[in-house]
Amino acid sequence: MSAVPPGTAPAAVPAVPVSKPLRIKTLTLTDFRAFPGPAPQAIEFGGKNLLVYGENGAGKSSIFHALRCVFSDAPQSKRGSLADYKNKFSSAGVGCARVDVAFDGMSELASWTLELSLPGVHPLSDARPTAADATFERHPFHVMREPARTTFRRATARAACLDYRPLLDTNYRHGSEEINLFSVAANHLLRDYDYTPPGGQPTTIGRLWDKVDRADKTKAVGADPSHRPSFVKDCENLNEAVSSALITLQPLVNTLLGDLGHSDLQVVNLAYGYVGPKAARLKRERGLMGGTLVPNVRYRGHDPARPQDFLNEARLSALALSIYFAGRLTCTPAVPSDVLKLLVLDDVLIGLDHANRLPVLDLLQKHFATWQIVLLTHDRGWFDMTRGWLDETAWHCVEIFEGDASAPAPMPVVRATSNRPAKQYLAHAKRLLADHYVEAGANYARQAFEAALRGGCQHNSVLVAFQQNTKDVKAEVLLKAVEDWAKLDSARKLRFESVLERLRLLRNVVLNPYSHSLAPNIPTDEVRNAIDEVEKLIDAFAGKH
């Protein structure tokens, strides 16, 4: 995608009505957090789901913040100003910072920009002043034209961006006190839940709560609630909306807990304390009553008063994820197929070990199949395991590494990578062998062999000898497991027998590393043969003869 020059409005290209499901094609960051300007950095989605591995500090979370802020209809005071996200070490001008989102299915960009305010030039009426006096911030809502604006608004109403911090709010931050999820529900979990009051206009729980909360903070509630009938009505509407949402939310939470392998843990009920005005003669004593949402859980017949002190970290994480995923599904009823439903998850699985993470992928495939999903992680092992598990026709994979540390403003290295690491390693092995780096080629052939075994065992549910840490399972153990599995079916045995036998003969290449300084001389033909046999192993797992 060609980047829009900094400081300019999007080109006047007529918006094309959406005729197919809207999906993100490219996210382009310019002078935004870890990505310094003036050079733009494109993150390719290709209309697919996106899996991102990023070293700590490399820029992974910049993608999260960019999507969270662009796909938000919250005021600037809540989402933050683009000026605050400008790369602090970049020499680019203040007006260079921008985020551009291009879509499959819509010609117009969604652009979040800082526009320079030149002396004597009146800024555009739809611009919003920022903390920097010389710039005006323009969010996509300010500049997109119809029908693209309406299409984009519908997408923001269905978007959810979650990192580990809101998940902690469901359990850990409450300490030894009773868990109260009301703030989480009103501001995140159920904020986008649609509700139409009797005889009123369509609204959401978030908008209703904002009105009630503003009135409370400004102490606008009179000593006698009847003095403010509109406030009382707003409280009633909020209570009705929350109660309606909870009817759908609670059973969904338990369904998702079961999908995550925790059917012995259930939310018995979500006790809601209705919001209402607290009348008082003195203004400082006025405020709101209620505003509580307490999850009552049951685990194997026990009803812990404080689940955060009773459940282990894996169950608390599963409970938090189930609550949040149920909230997204509750707020997203059946909508036209052209609506983008975006789910961005930044390291939300850090509380789960690898064995408990795979059910999350199955849950996403089952309940969020029509969503565009972005998974971000700093866990290299998890990334490698996950990219081998995901459907390569539906997922795009990206790696982000720190840039040149000696540069004043290092640009992260963004690299697309294969969903099938075995094939990627084989390609490296072939290139190295062609350049006569035989030992290095042998190393990559070995990595391809191990990745093919792990991926094949994973996708075919091959029984492997138990290890506490799955990363400790040796290639020899995997090879023996595949041999035993292949013998269980005559057609499978025929497909695998010869290739496994030849790989055994090539064990010095595919089962031993050759990276140390005293590595023995390896015949080039032996490495070439190993590469060929690993390719045949991949084909055998794919059902090819």
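Here is a short report on the structure shown in this document. (Residues numbered from 1 in each chain as written. Predicted model: local features only at pLDDT ≥ 70, side-chain atom pairs only at ≥ 80, totals over all residues. Heavy atoms only, no water.)

**Some details on the overall build of the chain**
Scanning the chain for helices and strands turns up 19 helices and 18 strands. Counting over 545 residues, the chain shows a buried share of 51%. Counted over contacts in the chain with a minimum sequence separation of 6, partners at least 24 positions apart contribute 70%. Accessible surface computed for the chain: about 25200 Å², of which carbon and sulfur atoms make up 52%. (Helix = DSSP H or I, 4+ residues; strand = E, 2+ residues; numbered from the N terminus. Buried < 20%, exposed > 50% of the residue type's maximum accessible area, 1.4 Å probe, protein only. Contact = heavy atoms within 4.5 Å. Areas by Shrake-Rupley, 256 points an atom, 1.4 Å probe, with all protein chains shown as cover.)

**So, the packing of helix 17 (residues 490-505) against helix 19 (residues 524-541)**
One way to put it is that helix 17 packs onto helix 19 with a least axis distance of 10 Å and a crossing angle of 155 degrees. Relative to helix 19, helix 17 is oriented roughly antiparallel. Like other packed secondary-structure pairs, helix 17 and helix 19 cross with a definite hand, here left-handed. Two secondary-structure elements touch here, helix 17 through Arg495, Phe496, Val499, Leu500, Arg502 and Leu503 and helix 19 through Glu533, Val534, Lys536, Leu537, Ala540 and Phe541. Class assignment of the residues belonging to the contact of helix 17 with helix 19 gives a composition of eight nonpolar, no polar and four charged. (Axes fitted to C-alpha atoms, helices over the stretch in contact; angles between N-to-C directions. Parallel < 35°, antiparallel > 145°, perpendicular 65-115°, else oblique. Left-handed = near helix turned anticlockwise from the far one by under 90°. Nonpolar A, V, L, I, M, F, W, Y, C, P; charged D, E, K, R; others polar.)

**Re the sheet that holds strand 18 (residues 413-417)**
On the basis of which strands lie adjacent, the open sheet formed by six strands has the order 8-15-16-3-17-18 and mixed pairing. Of all the strands in the sheet, the pair left with one neighbour each is strand 8 (160-163) and strand 18. Taking each pair of neighbouring strands and ignoring which way they run, the sheet shows an average axis angle of 15 degrees. Pairing geometry for strand 17 (residues 395-401) and strand 18, over five bridges, is antiparallel. Residue pairing across strands places Phe401 opposite Val413, the latter belonging to strand 18. (Pairing = 2+ DSSP bridges.)

**So, a nonpolar patch on the surface**
Nonpolar side chains collect at one region of the surface, where Tyr164, Leu168 and Ile350 lie side by side and expose about 250 Å² of accessible area between them. With respect to the helices and strands, the residue Tyr164 is situated in helix 6 (residues 164-169). (Patch = residues over 30% accessible without salt bridge, like charges linked within 9 Å, V, L, I, M, F, W, Y side chains within 5 Å. Salt bridge = Lys/Arg side-chain N within 4 Å of Asp/Glu carboxyl O.)

**Focus: the packing of aromatic side chains**
Scanning the model with the defined rule gives 19 aromatic pairs in all. Between Phe32 and Tyr85, the aromatic rings sit 5.3 Å apart at their centres with planes inclined by 20 degrees, giving stacked as the arrangement. Placement of Phe32 in strand 1 (residues 23-32) and of Tyr85 in helix 3 (residues 82-85) is noted, with a sequence separation of 53 residues between them. Here Phe32 matches Tyr85 in class, with each residue buried. Judged by centre distance (6.3 Å) and plane angle (75 degrees), the rings of Tyr299 and Phe310 are edge-to-face. (Phe/Tyr/Trp six-rings, centres within 6.5 Å; stacked < 30°, edge-to-face > 60°.)

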